[in-house]
Amino acid sequence: MFVADDNVVLFFSFVGYASQVIPVGHRTQIPVLLKIDDKSLEEVVVVGYGTAKKKDLTGAVSSVNIEDTRLQPNTNAAQILRGTTAGVQVTDNGRPGQAGNIRIRGINSISASTAPLIVLDGIIYAGGSLADINPNDIESIDILKDASSTAIYGSLATNGVIEITTKKGKSGKPKFSLNSYMGASDYAYLPNYRNAEQYLAARKDAERAEGGAVPFSVIELANIAAGKTINPFDEIKQAAPMYNYELSVSGKTDRVNYFFSGAYTGSKSPVKGDNFTRLSSRLNLGVQATDWLKIGINSGFSSRDNSGIRASLLNTSYLSPYASLFLEDGVSPNPLPQSWGLVSNPILGTLLDNNKAVTNILFSNAYADVSIWKGLSYKLNAGYTRTDSKSFFYSPSYAPLNRPGSGSKRQGENQNLTLENIVKYQQKIAKNHSLDLTLLYGVYQLTSQSSFLSSQNIFNDALGYNALEIGEGYVIDASAAQNRQISSMARLGYNIASKYFFTLSMRRDGYSAFGAGKKYGVFPAAAFSWNISDEDFFKNN
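Residues numbered from 1 in each chain as written. Predicted model: local features only at pLDDT ≥ 70, side-chain atom pairs only at ≥ 80, totals over all residues. Heavy atoms only, no water.

Draft legend 1. Fine view of the overall build of the protein chain. The helix and strand tally for the protein chain stands at nine helices and 23 strands. Principal-axis analysis of the C-alpha atoms gives the protein chain an extent of 95 × 75 × 50 Å. Counting every position in the protein chain, which comprises 541 residues, the buried fraction comes to 39%. Of the contacts formed within the protein chain by residues at least 6 apart in sequence, a portion of 64% connects residues at least 24 apart. Total accessible area on the protein chain is roughly 29,500 Å²; 56% of this is exposed by carbon and sulfur atoms. Computing the positive centroid from 51 side-chain charges and the negative centroid from 46, the protein chain places the two 7 Å apart. (Helix = DSSP H or I, 4+ residues; strand = E, 2+ residues; numbered from the N terminus. Buried < 20%, exposed > 50% of the residue type's maximum accessible area, 1.4 Å probe, protein only. Contact = heavy atoms within 4.5 Å. Areas by Shrake-Rupley, 256 points an atom, 1.4 Å probe, with all protein chains shown as cover. Lys, Arg positive; Asp, Glu negative; His and termini not counted. Charge placed at Lys NZ, Arg CZ, Asp CG, Glu CD.)

Draft legend 2. Representation of the pairing of strand E22 (residues 500-511). The sheet contact formed by strand E21 (residues 472-496) and E22 spans twelve bridges and is antiparallel. When the sheet's bridge partners are listed, Asn495 is paired in E22 with Phe501. The antiparallel pairing of E21 with E22 creates a hairpin that spans three residues between the two strands, and Ala497 there sits at a positive phi of about 60°. Taken together, the eleven bridges between E22 and strand E23 (residues 520-530) define a ladder with antiparallel strand orientation. The residue bridging Leu504 from the neighbouring strand is Ala526, located in E23. (Pairing = 2+ DSSP bridges.)

Draft legend 3. Structural detail: the sheet that holds strand E20 (residues 433-458). Sheet architecture is open: twelve strands sit in the order E12-E13-E14-E15-E16-E17-E18-E19-E20-E21-E22-E23, paired in antiparallel fashion. Each edge of the sheet is formed by a strand with only one pairing partner; in this case those strands are strand E12 (175-184) and E23. With strand direction ignored, the average angle separating the axes of adjacent strands in the sheet is 10°. (Axes fitted to C-alpha atoms, helices over the stretch in contact; angles between N-to-C directions.)

Draft legend 4. Quick peek at empty space enclosed by the protein. Taken as a whole and judged by the stated rule, the model has one cavity of 30 Å³ or more. The calculated volume of the largest cavity comes to roughly 110 Å³. Looking at the largest cavity, it is lined by 14 residues, and the ones nearest its centre are Asp132, Ile133, Arg282, Gly300 and Phe301. Put simply, the parts of the chain that give the lining of the largest cavity at least two residues each are strand E15 (275-288), strand E16 (293-305) and strand E17 (354-373). Looking at the lining of the largest cavity, its residues break down into six nonpolar, five polar and three charged. (1 Å grid on protein atoms, 1.4 Å probe; cavity = no way out; pocket = protein on both sides within 12 Å on 5 of 7 lines; lining within 4 Å. Points joined across faces, edges and corners; volume = space filled by probe spheres on them. Nonpolar A, V, L, I, M, F, W, Y, C, P; charged D, E, K, R; others polar.)

Draft legend 5. Expanded view of the sheet that holds strand E10 (residues 138-144). Taken together, the five strands give an open sheet; going across it, the order is E5-E10-E11-E8-E9, and neighbouring strands pair in mixed fashion. Each of the sheet's edge strands pairs with one partner strand only, and the pair in question is strand E5 (61-64) and strand E9 (123-124). Direction of pairing for strand E8 (residues 117-120) relative to E9: antiparallel, over a ladder of two bridges. What sits directly across from Leu120, in E9, is Ile123.

Draft legend 6. Structural context of the nonpolar core. Formed by 25 residues in total, the largest nonpolar core has its most connected members in Leu81, Leu130, Ile141 and Ile164. Elements represented by at least two residues in this core include exactly helix H2 (77-80), strand E6 (88-91), strand E7 (101-104), E8, E10, strand E11 (161-166) and E17. Non-local contacts of Leu130, meaning those with residues more than four positions away in its chain, are made with Asn76, Ala77, Ala78, Leu81, Ala99, Ile102, Ile118, Ile162 and Ile164. (Core = buried A, V, L, I, M, F, W, Y, C linked by side-chain atoms within 4.5 Å.)

Draft legend 7. Examining the packing of aromatic side chains more closely. Under the criterion given, the structure shown has eleven aromatic pairs. On the basis of an interplanar angle of 90° and a centroid distance of 6.3 Å, the ring pair of Tyr187 and Phe233 is categorised as edge-to-face. One end of the pair, Tyr187, is in the loop between E12 and helix H4 (196-210); the other, Phe233, is in helix H6 (residues 232-235), and 46 residues separate them in sequence. Per residue, the accessibility class of Tyr187 equals that of Phe233, and both read buried. Just above the ring of Tyr367 sits the side chain of Lys379; from NZ or CZ to the centre is 5.1 Å. (Phe/Tyr/Trp six-rings, centres within 6.5 Å; stacked < 30°, edge-to-face > 60°. Lys NZ or Arg CZ within 6 Å of the ring centre and 35° of its normal.)

Draft legend 8. Geometry of the environment of Thr150. Note on placement: Thr150 falls in helix H3 (residues 147-150). Taking the C-alpha atoms as reference, Thr150 lies 14 Å from Leu492; in sequence the two are 342 residues apart. Excluding residues within four positions of it along the chain, Thr150 makes contact with Leu144, Lys145, Ala157, Gly160 and Val161. Within the structure, the side chain of Thr150 is placed 2.9 Å from the backbone oxygen of Asp146, a separation counted as a polar contact. (Polar contact = N/O pair within 3.5 Å; in protein donor to acceptor, adjacent residues only side chain to side chain.)

Draft legend 9. Looking closely at the environment of Asn457. Mapped onto the elements, Asn457 comes out in strand E20. Residues in contact with Asn457, not counting those within four places in the same chain, are Pro404, Gly405, Ile470, Gly471 and Glu472.

Draft legend 10. Here's a closer look at a nonpolar patch on the surface. Together, Phe502, Phe528, Trp530, Ile532, Phe537 and Phe538 make up an exposed nonpolar region whose accessible area comes to about 600 Å². Elements supplying a minimum of two residues to the nonpolar patch: E23 and helix H9 (536-539). Structurally, Phe502 is set in strand E22. The exposure class of Phe502 is partly exposed, given its relative accessible area of 38%. (Patch = residues over 30% accessible without salt bridge, like charges linked within 9 Å, V, L, I, M, F, W, Y side chains within 5 Å. Salt bridge = Lys/Arg side-chain N within 4 Å of Asp/Glu carboxyl O.)

Draft legend 11. Spotlight on the side chain of Thr438. With respect to the secondary-structure elements, Thr438 resides in strand E20. Overall, Thr438 belongs to the buried group, its relative accessible area being 1%. Sequence-distant contacts of Thr438, defined by excluding residues within four places in its chain, comprise Tyr49, Ile422, Val423, Lys424, Met489, Ala490 and Arg491.

Draft legend 12. Fine view of H4. Along its 15 residues, H4 runs 21 Å from first to last C-alpha, staying within 8% of the 21 Å computed at 1.5 Å per residue. What H4 keeps buried is the set Ala196, Tyr199 and Arg203. Considered in projection along H4, the buried side chains sweep an arc of 55° and stay on one side of the axis. Turned more than 90 degrees off the buried face of H4, the exposed positions are Glu197, Lys204, Arg208 and Ala209. Residues of H4 that are buried sit in contact with helix H5 (218-226). Its side-chain oxygen placed 3.2 Å from the backbone nitrogen of Glu197, Asn195 serves as the N-cap of H4. Looking one or two places after H4, you find Gly211, whose phi comes out positive at around 75°. (Expected span 1.5 Å × (residues − 1). Arc of directions from axis to C-beta.)

Draft legend 13. View of the pattern of salt bridges. Counting across every chain of the model gives 15 salt bridges. The salt bridge involving Arg282 is made with Asp121; its shortest N-O contact spans 3.8 Å. One end of the pair, Arg282, is in strand E15; the other, Asp121, is in the loop between E8 and E9, with 161 residues separating them in the sequence. Note on accessibility: Arg282 and Asp121 belong to one class, buried. The partner of Arg282 in a salt bridge is Asp137, with the nearest N and O atoms 3.8 Å apart. Note that Arg282 is positioned in strand E15 and Asp137 in the loop between E9 and E10, a separation of 145 residues in sequence.

This is the structure we're talking about:
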């Protein structure tokens, strides 16, 4: 390979080793020796109900380098995970504000959910989504992958665990931060569809192959005669800005640690009707009430708006360059832009229908941490998460389709309660021996309810989905559920000379929805790790 610029450099990196940047110059061979990054091994990661140094881990735990993503225009936490962690696959559907699908170490079930468990600030984020979390509020993300590291969460951790820790105050005096960005997006890729001339040539080829005429539609013939053509993907395109405005204040004194933020985020995709906005806020407060008692609260609120109806990409790909998406008035969408066939107008619903989709979520975790004795502590976690979702839809009457109005309203409410009692004991019991014991007893409750109403043949569109009672053919549905879970967990870690590490853990979950005699499941795990790099024979070689 020929390099014309003498200022070119090569960047070498590998997991667990310090990166190097080496100038190329006029050299044809570049020897590279990467050194072990001792600093990274000393980093502290979240392992579930506690923390540990990387070098002391016995399970498969990966940390995401948050700082490398700070300048990226990420609208939710899921986007941070893209391409940053081995064994974590993020499938993004390209929709603005959507969390996509996350898989840790592949698919673990054929029919059940493959979504990982989310733990936010040390407590299970029941009912929440990564799309609700402002990426700029995140301090660290750690991912638990294997059975040893996830067993402490029992049945909930079948698909792995994502541990998210949000920011706390660091400076001694108040620190105000203003973060804002604006940008735009466009199609990343479009298939190379035929233009108008190529389309006509292809039709002539089809006629020769068929041995007869392949008729055009009435609309196509009229547009061919008038020389009117369209580029289908330009017809469904909209301006696609993205923006974020955020203000935060944080600080720390001898007794109080606080972080508060508020943000407004918006994004549109290049496809008409595909929109997203989110209003979010966060308050993290910790108080060292006495020398032996620390209390605090970690809370957040998010209002996510995905209203609108996205234009159909599939129908767009079927359109002829001589189709007409609008009627003669140039305003009313044409239901059949090619006169016949099964191809409907890709922007018909986008322009006519009204779809409101809003999700509000409140997350709160209050805690009290008590130091009882040397190495012995007790922590109480009390969590509450409430999710309210609204999905309102109305399709107005439209003469070209000879249809009356119709609409629906769906509302849902989920409430998750969490109460956890955690006892920890950490002690050095000999010169080179130490243990770390964690015990937990938790109670979890989910209460949900939803209602749905729809009607047809609505003769007056003035009030839209707020006047469903004047329609006909009602469909009414309502549901409610309550489930409870109790869990107990024990984890014992034993360290010998910071070289040999043993971890034993077991969790027992009981769930109210399970059948009689099968209410409980037990999830044991054992792990061992050996820091061979600390052995004398390894150092000498």
